[in-house]
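Listed below, chain by chain, are the residues.
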Amino acid sequence: MNNEEISPDQGIVPPSEVVRPRRRALRTVGLVAVAAVLGLVGGTAVGYGVQAQREPTPLPPLNQPALAYPKPLPKGQAPDPLPASEDRQAKAQGDLRKLLVPKPAGAKKDEFGDRDGWMSVREYASDFERAGEALSYQLELGIRRVAVTSWKTGENRLSQVRLIQYRPGDELGAQDHVEDQQGYMTEEEYAEDEGEALKGSGDGRYYVFPVRREAGYLDFYEARAYFHRGDIAVEIFIFDTKKIAEKDIRSLAERQLGRL
């Protein structure tokens, strides 16, 4: 080995100090292995000897109690299938845009926003810092389609809701995506806390970010919500140059949850 290949903080260990611990470890492993083999063989031999001197023990009779099945309901008493409006799976397989929360009265259309209510998977991935990695990750999760709506209210407030639907399979795409997004909300660049639980959602949370201030610019406020229902992940964003009340992001998330 060359001295140039060893960093100063590693130091050089004399060969004798390297060999001794290794030999000691190997020897210990050998003793343990021998003891294990002797114990196994000895125990097995004693067991066979004891069993050979005993009378054979008859096996207990097979006994399986009758399984109880619910009796089928008489003809005409079976419940009707759920209407499509109450069947979550049926709702999710239709036009996903119809599940988006409607724009509030008086809201203005976001000229740079949803257009026809759809966002391509590639466009969705481009919103992440590492678009290529985000696209690969979303494809692994089984992303299927993204529906989006956005609007403006007040002087500078912009709100956006996204429904990201995933294909059924081994991956729990919607749940994994939501947990991944929630995972970095505690970081300094984001909400810096764990947010508040969204009632009725199971795992949903909403966040109000601390104000961002920079010389020469208006103050920047942000709030988000993340939750999932079945194979649909939900992302909600509110941006403004004025403070965003916690109830604003919570009520918007609750309204969207109620439509899924």
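Heads up: the structure comes first, above all this text.
For clarity, every value in this text was computed on a predicted model and none was experimentally measured.

(A) Up close: the overall build of the protein chain. Scanning the protein chain from terminus to terminus reveals six helices and eight strands. Counting from the amino terminus, the protein chain carries its helices and strands in the arrangement α-α-β-β-α-α-β-β-α-β-β-β-β-α. Within the protein chain, buried positions represent 30% of all 260 residues. Of the contacts made within the protein chain by residues no fewer than 6 positions apart, 54% connect residues no fewer than 24 positions apart.

(B) How the structure looks around the side chain of His228. Within the secondary structure, His228 sits in strand E7 (residues 221–229). Only 2.9 Å separates the side chain of His228 from the side chain of Asp203, close enough to count as a polar contact.

(C) Up close: the layout of surface pockets. Its boundaries defined by the atoms lining it, the largest pocket holds a volume of some 620 Å³. Along the walls of the largest pocket sit 26 residues, with Asp127, Phe128, Glu129, Gln181 and Tyr184 positioned nearest its centre. The set of elements that each furnish at least two residues to the lining of the largest pocket consists of helix H4 (131–141), strand E4 (157–166), helix H5 (173–183), E7 and strand E8 (232–240). Counting residues per element, the lining of the largest pocket draws most heavily on H4, which supplies four residues. Here the residues of the lining of the largest pocket sort into ten nonpolar, five polar and eleven charged.

(D) Summary view of the pattern of salt bridges. Taken as a whole and judged by the stated rule, the model has twelve salt bridges. Put simply, Asp127 and Arg162 hold a salt bridge, and the shortest N to O gap is 2.5 Å. One end of the pair, Asp127, is in the loop between helix H3 (121–125) and H4; the other, Arg162, is in strand E4, and 35 residues separate them in sequence. Since its relative accessible area comes to 7%, Arg162 is described here as buried.

(E) Highlighting unusual backbone geometry. Notably, Glu192 is not glycine yet its phi reads approximately 65 degrees, a positive angle. With respect to the helices and strands, Glu192 occurs in the loop between H5 and strand E5 (196–197).

Scoring rules and cut-offs
Residues numbered from 1 in each chain as written. Predicted model: local features only at pLDDT ≥ 70, side-chain atom pairs only at ≥ 80, totals over all residues. Heavy atoms only, no water. Helix = DSSP H or I, 4+ residues; strand = E, 2+ residues; numbered from the N terminus. Buried < 20%, exposed > 50% of the residue type's maximum accessible area, 1.4 Å probe, protein only. Contact = heavy atoms within 4.5 Å. Polar contact = N/O pair within 3.5 Å; in protein donor to acceptor, adjacent residues only side chain to side chain. 1 Å grid on protein atoms, 1.4 Å probe; cavity = no way out; pocket = protein on both sides within 12 Å on 5 of 7 lines; lining within 4 Å. Points joined across faces, edges and corners; volume = space filled by probe spheres on them. Nonpolar A, V, L, I, M, F, W, Y, C, P; charged D, E, K, R; others polar. Salt bridge = Lys/Arg side-chain N within 4 Å of Asp/Glu carboxyl O.

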